[in-house]
Amino acid sequence: MSKSFDLRRARPWEVALTVFALSAPLLAPLAAHGDGGFIRRAVAQEMQQVDTSKLVTIGGAVTEIVYALGEGGRIVARDSTSMYPEEAMKLPDVGYMRALSPEGVIAVNPTAILAVEGSGPADALAVLKSAGIPFETVPEGYDRAAILRKIDVVGNFLGVPEKAKALEDKVGAELDAAIADAAKRPADQRKRVLFVLSFQNGRIMAAGNHTAADGIIGLAGAVNATDGTFEGYKPLTDEAVINAKPDVVMVMTRPGAGSTDDEVLAHPAIAVTPAGRNKAILRMNSLHLLGFGPRTASAIGDLNKELYGKPGNVSQ
């Protein structure tokens, strides 16, 4: 009779061999589905155990993705940045994504919550998670891969991975076309764009690296005028604004956006830049331009057209 295996006395190579033997049946399906299909289905099956029939969505791109998947009927409430599609505006509004009230969310009796990364405040999220409501965070990001990742996470959470894959293929193809068109512009023809989030005590709050503004400017064939000198949003000195030499100053059209074009142009630092001298102020819809959701390809095209004229109009 062979001796029983004692894991406590086993040599390292014996432990490794045993673990491999026990895990082989679990690994086999992965090898059979090299395209990740097995993993996608396994995650979806796990997610299907969550009741998502009464969903609260937080983040404009998240809400838009749910509708794009054909699952908008599950949403019982949304945050104030979720203004597209039009049907979403008929739903209860639980507040701004970064200033949520847990009581307001819980009041709509959701069975699950989908929130984009960066929602908050942290104590409000802690209350929601402690309430026992299934809570899924959708990772944020400002490039093609990030948009497709959002779709994947939302689709799996809702238990519709096949719909998510189809939407990813469609959105990915649209993004590829828009990015390729914008990329045709030679580097020496690309405009320098200063994205102004707000004015604080006369100082310009501008976008640096790793922001939605920086991402969309680059994808649309332009250059962020802050030149990667900082990350996030930061107030600039007048000297920094002048040194940025923007060809265009971009501000957002949104409730409470603040300064008029004349007020922006009257800023002493902006006034002496190429943008100021040419009165080049560009206003865009913030939720569409900075959402990084299914419509980002059209946002890239819109911004490219506003900056350079007719799409594809590249000087030779």
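Relevant structure appears above.
Presented here is an overview of the structure given in this document. (Residues numbered from 1 in each chain as written. Predicted model: local features only at pLDDT ≥ 70, side-chain atom pairs only at ≥ 80, totals over all residues. Heavy atoms only, no water.)

**Considering the overall build of the chain**
In step 1: Of regular secondary structure, the chain possesses 14 helices and 10 strands.
In step 2: When each of the 316 residues of the chain is scored for burial, the buried share is 44%.
In step 3: Once local pairs closer than 6 in sequence are excluded, the contacts in the chain between residues at least 24 apart make up 59%.
In step 4: Entry remark: accessible area of the chain is about 16200 Å², with carbon and sulfur atoms responsible for 55%. (Helix = DSSP H or I, 4+ residues; strand = E, 2+ residues; numbered from the N terminus. Buried < 20%, exposed > 50% of the residue type's maximum accessible area, 1.4 Å probe, protein only. Contact = heavy atoms within 4.5 Å. Areas by Shrake-Rupley, 256 points an atom, 1.4 Å probe, with all protein chains shown as cover.)

**Re the pairing of strand E5 (residues 192-200)**
In step 1: As judged from the 2 bridges shared by E5 and strand E7 (residues 223-224), these two strands associate in the parallel manner. In the sheet register, arginine 192 faces E7, and the bridge partner there is valine 223.
In step 2: Sheet topology places E5 next to strand E6 (residues 203-207); 4 bridges connect them, and they run antiparallel. Of the residues in E6, the one forming a bridge with glutamine 200 is arginine 203.
In step 3: Connecting the antiparallel pair E5 and E6 is a turn made up of 2 residues, with asparagine 201 showing a positive phi of about 55°. (Pairing = 2+ DSSP bridges.)

**Here's the deal with helix H14 (residues 296-308)**
In step 1: Between its first and last C-alpha atoms H14 spans 18 Å; for 13 residues at 1.5 Å apiece the expected length is 18 Å, and the two agree.
In step 2: Turning to H14, its buried residues number three or more, namely Thr296, Ala297, Ala299, Ile300, Leu303, Asn304, Leu307 and Tyr308. End-on view of H14: buried residues confined to an arc of 160°, all on one side of the axis.
In step 3: Count one or two residues on from H14 and you reach glycine 309, which has phi positive near 100°. (Expected span 1.5 Å × (residues − 1). Arc of directions from axis to C-beta.)

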